[in-house]
Amino acid sequence: NLRAARAFDELVGMYESQGKSLDMKMVITGATNARAYLRHLKHEDRFVLLGYVESKELEFLHKNAYAFVFPSLNEGFGYPPVQSMRYGVPVAASGTTSIPEVCGDAVLYFDPYSVSEIKNRLVQLLDSKIYDEYAARAPKRYLEVHTRQNEDLEHTIDFILKR
């Protein structure tokens, strides 16, 4: 998360150096030690650092985000990006672990260890054409994943009950 925060911080600085305004904030959940983040950032006012977030609030964040950035280094299945994709929110995510398998071509991928690569994906998401393309792909991929999970669940139940 810190690398993603640094990427966004650099993006804000880049816009400011060009005399432009980037009217956005980055919300980071699970930030139990805000100082650990803020000491590395120049534009502290552009970050909202939240600790543990209840499911209703998390759903609100997924639904209302401009984009979802997921720099995971060790994800089990990839539910967080899929949750945002449900609402047509474009996703930039780590190209490691199971995320590419789950999210397919509906996500802009990056190396989670590279601040510059994360920043480049954020820049791409500011392009309206790219943004719209991934916003359209997102709910389609969500539906594919959701349908597949339901089918797999039915098959598992049939297997267990020997139907």
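These notes cover the structure that comes with them. Since the structure is predicted, the reported quantities are computational estimates derived from the model, not experimental observations. (Residues numbered from 1 in each chain as written. Predicted model: local features only at pLDDT ≥ 70, side-chain atom pairs only at ≥ 80, totals over all residues. Heavy atoms only, no water.)

1. Regarding the packing of aromatic side chains
A full pass over the atoms with the stated rule returns three aromatic pairs. Arranged with centres 5.6 Å apart and planes meeting at 85°, the rings of Phe8 and Phe47 form a pair that is edge-to-face. Here the residue Phe8 occupies a position in helix α1 (residues 2-17), and Phe47 occupies one in strand β2 (residues 47-49), the gap between them amounting to 39 residues. Ring centres 4.4 Å apart and planes at 25° place the aromatic pair Tyr66 and Tyr131 in the stacked group. Remark: Tyr131 occurs in helix α7 (residues 128-161) and Tyr66 occurs in the loop between α3 (55-64) and β3 (68-70); sequence separation between them is 65 residues. For Tyr66, a relative accessible area of 33% translates into the label partly exposed. The class of Tyr131 is buried, set by a relative accessible area of 17%. Residue placement shows Lys20 over the ring face of Tyr15; its charged tip is 5.7 Å from the ring centre. Directly above the aromatic system of Tyr134 lies the positively charged group of Arg137, at a separation of 4.7 Å from the ring centroid. (Phe/Tyr/Trp six-rings, centres within 6.5 Å; stacked < 30°, edge-to-face > 60°. Helix = DSSP H or I, 4+ residues; strand = E, 2+ residues; numbered from the N terminus. Buried < 20%, exposed > 50% of the residue type's maximum accessible area, 1.4 Å probe, protein only. Lys NZ or Arg CZ within 6 Å of the ring centre and 35° of its normal.)

2. Side note on the pattern of salt bridges
Pairs can form between side chains of opposite charge once their charged atoms are near each other. Summed over all chains, the structure comprises five salt bridges. Between Lys119 and Glu10 there is a salt bridge; the shortest N-O distance is 3.6 Å. A residue pair is termed long-range when its members are at least 10 positions apart, and Lys119 in helix α6 (residues 115-125) and Glu10 in helix α1 qualify at 109 residues. (Salt bridge = Lys/Arg side-chain N within 4 Å of Asp/Glu carboxyl O.)

3. Focus on the packing of α1 against α6
At their nearest, the axes of α1 and α6 sit 8 Å apart, and the two run at 60° to each other. The orientation of α1 relative to α6 falls into the category oblique. In this structure, α1 crosses over α6, and the sense of that crossing is right-handed. Of the residues in α6, those in contact with Arg3, Ala4, Arg6, Ala7, Phe8, Glu10, Leu11 and Met14 of α1 are Val115, Ile118, Lys119, Leu122 and Val123. For the contact of α1 with α6, the class distribution of residues is nine nonpolar, no polar and four charged. (Axes fitted to C-alpha atoms, helices over the stretch in contact; angles between N-to-C directions. Parallel < 35°, antiparallel > 145°, perpendicular 65-115°, else oblique. Left-handed = near helix turned anticlockwise from the far one by under 90°. Contact = heavy atoms within 4.5 Å. Nonpolar A, V, L, I, M, F, W, Y, C, P; charged D, E, K, R; others polar.)

4. A closer look at the environment of Tyr52
Following the sequence through the fold, Tyr52 ends up in the loop between β2 and α3. Linking Tyr52 and Ala31, residues 21 residues apart in sequence, is a C-alpha distance of 7.6 Å.

5. Describing the nonpolar core
In this structure, Ala5, Phe8, Met26, Ile28, Phe47 and Val69 are the most contacted members of the largest nonpolar core, which totals 23 residues. Counting only elements with at least two residues in this core, the list comes to α1, β1 (26-28), β5 (107-110) and α6. For this core, the element with the highest residue contribution is α1, accounting for seven residues. The residues touching Ala5, leaving out its near neighbours within four places in the chain, are Met26, Ile28, Tyr37, Leu41 and Phe47. (Core = buried A, V, L, I, M, F, W, Y, C linked by side-chain atoms within 4.5 Å.)

6. Digging into α7
Spanning 34 residues, α7 covers 50 Å between terminal C-alpha atoms, matching the ideal 50 Å at 1.5 Å per step. Among the residues making up α7, those that are buried are Tyr131, Tyr134, Ala135, Ala138, Arg141, Tyr142 and Val145. On its buried face, α7 sits against α4 (79-85), α5 (99-103), β5 and α6. By the N-cap criterion, in which a side-chain oxygen at the helix start approaches the backbone nitrogen of a residue two or three places on, α7 is capped by Asp127, the distance to Lys129 being 2.8 Å. Lys162 sits one or two positions beyond α7 and adopts a positive phi of about 55°. (Expected span 1.5 Å × (residues − 1). Polar contact = N/O pair within 3.5 Å; in protein donor to acceptor, adjacent residues only side chain to side chain.)

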